[in-house]
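Observations on chain architecture
Chain by chain, the residues:
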2 protein chains.
Amino acid sequence: MREQFDEQLEEIRDDLVELCALTEVAIDCGTRAVLDTDRAAADRAAEVCADIDTRGRELDYRALTLIARQQPVAQDLRALISGIHNIADLRRMGSLAAHIAEVARLHYPEPVVPHELRAIISDMGAAATAQAAAAQEVLRFRDQVAALELIWADDRTDELLRRLFAATKSDEWLYGAASAVNITLLGRFYERFCDHTVEISRRVIFVITGELPDE
Amino acid sequence: MREQFDEQLEEIRDDLVELCALTEVAIDCGTRAVLDTDRAAADRAAEVCADIDTRGRELDYRALTLIARQQPVAQDLRALISGIHNIADLRRMGSLAAHIAEVARLHYPEPVVPHELRAIISDMGAAATAQAAAAQEVLRFRDQVAALELIWADDRTDELLRRLFAATKSDEWLYGAASAVNITLLGRFYERFCDHTVEISRRVIFVITGELPDE
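Nothing here was measured: the structure is a model prediction, and the numbers come from that model. (Residues numbered from 1 in each chain as written. Chains lettered and ligands numbered in written order. Predicted model: local features only at pLDDT ≥ 70, side-chain atom pairs only at ≥ 80, totals over all residues. Heavy atoms only, no water.)

1. A short note on the overall build of chain A
When helices and strands are tallied, chain A shows 6 helices and 0 strands. Helices (α) and strands (β) of chain A occur, in sequence order from the N terminus, as α-α-α-α-α-α. On C-alpha atoms alone, chain A measures out to a radius of gyration of 19 Å, which is about the 17 Å that the 2.2 N^0.38 rule sets for 215 residues. Its C-alpha atoms give chain A principal-axis dimensions of about 65 × 35 × 20 Å. Out of the 215 residues in chain A, the part that is buried amounts to 55%. (Helix = DSSP H or I, 4+ residues; strand = E, 2+ residues; numbered from the N terminus. Rg over C-alpha atoms; globule rule 2.2 N^0.38 Å. Buried < 20%, exposed > 50% of the residue type's maximum accessible area, 1.4 Å probe, protein only.)

2. Observations regarding the environment of D89 of chain A
Residues and elements named next belong to chain A. As for its position among the elements, D89 is in helix α3 (residues 74-107). Residue D89 is classed as buried on the basis of its relative accessible area of 7%. Taking C-alpha positions, D89 is 23 Å from R162, a pair spaced 73 residues apart along the chain. Other than its neighbours up to four places away in sequence, D89 contacts H196, E199, I200 and R203. (Contact = heavy atoms within 4.5 Å.)

3. Description of the pattern of salt bridges
Pairing is possible between side chains of opposite charge, provided their charged atoms come close. Taken as a whole, this structure holds 38 salt bridges over all chains when the rule is applied. A salt bridge links R156 of chain B to D123 of chain B; the nearest nitrogen and oxygen atoms lie 3.4 Å apart. In this pair, R156 of chain B sits in helix α5 (residues 144-169) while D123 of chain B sits in helix α4 (residues 118-141), placing the two residues 33 residues apart along the sequence. R156 of chain B gets classed as partly exposed once you look at its relative accessible area, which sits at 41%. One salt-bridge network, held together by shared partners, links D89, E199, R202 and R203 of chain A. (Salt bridge = Lys/Arg side-chain N within 4 Å of Asp/Glu carboxyl O.)

4. A closer look at the relation of the copies chain B and chain A
Rotating chain B by 180° and moving it 0.0 Å along the rotation axis overlays it on chain A with an RMSD of 0.0 Å. One copy is carried onto the other by what is essentially a two-fold rotation axis. For chain B, the minimum C-alpha distance to the rotation axis belongs to A177 of chain B and amounts to 2.0 Å. The residues that chain B uses at the interface reappear at the interface of chain A in 100% of cases, marking a shared surface. (Least-squares fit on C-alpha atoms with pLDDT ≥ 70 in both.)

5. A few points about the packing of aromatic side chains
Residues and elements named next belong to chain A. According to the stated counting rule, one finds 2 aromatic pairs over all chains in the structure shown. Pairing W173 with Y175 gives two aromatic rings, centres 5.0 Å apart and planes at 75°, and the pair type is edge-to-face. Classification of Y175 by relative accessible area gives partly exposed; the value is 32%. Taking NZ or CZ as reference, R78 lies 5.9 Å from the ring centre of F206, over its face. (Phe/Tyr/Trp six-rings, centres within 6.5 Å; stacked < 30°, edge-to-face > 60°. Lys NZ or Arg CZ within 6 Å of the ring centre and 35° of its normal.)

6. Here we look at the nonpolar core
Membership of the largest hydrophobic core comes to 145 residues, with the highest contact counts inside it found for V34 and V113 of chain A together with V34 and V113 of chain B. Dropping the residues within four chain positions of it, V113 of chain A is found in contact with V34, L35, R118, I121, I183 and L186 of chain A. (Core = buried A, V, L, I, M, F, W, Y, C linked by side-chain atoms within 4.5 Å.)

7. Quick word on the UniProt feature "domain: PhoU" (unreviewed entry) in chain A
The sites that UniProt annotates as "domain: PhoU" (unreviewed entry) are residues 17-103 and 121-204 of chain A. Along residues 121-204 of chain A the backbone is 90% helical and 0% strand, and the end-to-end C-alpha distance reaches 29 Å. (UniProt positions renumbered as here; feature names shortened; annotations may be inferred.)

8. Digging into unusual backbone geometry
Note the cis peptide between Y108 of chain A and P109 of chain A, where omega equals 0°. Among the structural elements, P109 of chain A can be located in the loop between α3 and α4 (118-141). Unusually for a residue other than glycine, Q71 of chain A sits at a positive phi of about 45°. Relative to the helices and strands, Q71 of chain A is located in the loop between α2 (39-70) and α3. Located in the positive-phi region is T37 of chain B, a residue other than glycine, with phi close to 45°.

9. Notes on the packing of α3 of chain A against helix α6 (residues 176-209) of chain A
Residue and element names in this part refer to chain A. Relative orientation of the contacting elements α3 and α6 amounts to 170°, with a least axis distance of 9 Å. Relative to α6, the element α3 lies roughly antiparallel. Among the residues forming the contact of α3 with α6, the class breakdown is 14 nonpolar, 10 polar and 6 charged. (Axes fitted to C-alpha atoms, helices over the stretch in contact; angles between N-to-C directions. Parallel < 35°, antiparallel > 145°, perpendicular 65-115°, else oblique. Nonpolar A, V, L, I, M, F, W, Y, C, P; charged D, E, K, R; others polar.)

10. Remarks on the layout of surface pockets
There is about 410 Å³ of room inside the second largest pocket. Class assignment of the residues belonging to the lining of the second largest pocket gives a composition of 6 nonpolar, 3 polar and 6 charged. (1 Å grid on protein atoms, 1.4 Å probe; cavity = no way out; pocket = protein on both sides within 12 Å on 5 of 7 lines; lining within 4 Å. Points joined across faces, edges and corners; volume = space filled by probe spheres on them.)

11. Describing the interface of chain B and chain A
At the interface, 36 residues of chain B touch 36 residues of chain A. Across the interface of chain B and chain A, roughly 2,900 Å² is buried in total on both sides, 64% from carbon and sulfur atoms. Between chain B and chain A we count 0 salt bridges in total. The interface formed by chain B and chain A contains 4 residue pairs in polar contact (both at pLDDT 80 or more). At the level of secondary structure, the elements contributing two or more residues to the side of chain B that touches chain A comprise α2 (39-70), α3 (74-107), α5 and α6 (176-209) of chain B. (Buried area = accessible area lost by both parts, 1.4 Å probe. Polar contact = N/O pair within 3.5 Å; in protein donor to acceptor, adjacent residues only side chain to side chain.)

Encoded structure:
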């Protein structure tokens, strides 16, 4: 009985890692859609987002059923409840990646990122991809040190966002209001995407320690 | 035993309604900060947001403890797990209201909304306040019809957001890129605020029926 329950817990954990891997694919497609004006990558981001949603809903149901049937306690209960929260974060990350791709798709074949800001957007994309990758390790190994490292690394994204907003608001902004709007949305979507990986990491620390670390 | 458990469930529900009432206060302060260049309202929004966070965390802990100790099933379990999700949504709504106030505070005493867009921002503020108020009723009475009405009403916010983005992106936009960035962020914050009330309503339907309605 206990063995079967452990197996089911393990499966849910594996599926969470897989869902997280899909968010990495989605954000990577989103970034390519934006930086390379790549229509196929934009379509792919939307597909992966839909896939994350479907799988997330199914996983949600399994976790809930397991809580109801097995009535777990302590760390197992924390893992399942955190898991349900993590699914919500991962689905949101999928949506944000799809939003990023959608900004590109709406303007296709015009590029949406002015030349001068390509480096920042590219860094934000790389940071988001790296955080989605790190979150998989955090989820897979329930590694508290890796979780803290991910949380600290997020300062980098905030710094990039500040630089992005400063550029659009400077007097030297040459690309007009419409472009500033696109850049603002992209920056915000990347930042939120990364925030969700921080939430996941905080929750993994909660599963391990029973305490949610301060924000 | 059962009686005491019912009481605790009832208390958690009441506290959720109260948390939701605080988000209504917060968004109302945020809107006043933005439309009336009201510094005190901006400070108040930040305070209420901090209060929502503290209370939300405490409520989270109580719900989790109740699940662990009482091992509820069926509707009670759904109510508690949905409750934990709702707390996350309500805390996020508080943050979004504070973000709105922060946009105003950063530019104080300059107004951030061009005259021509005041009506749309004011409508978005009113819609957000109305949805936070409606969500309290949905939570209090677990009313499926009210929940569906709230979900349908959200189309109005999406329409307002489209009009806002269209204005900033039009060739007739006269207020520069920095202003377009502020308006984009405000629009997005209001829209997300309202989205969370939709999530809460969907979850209340789930508590009642056991099925999460499609998005």
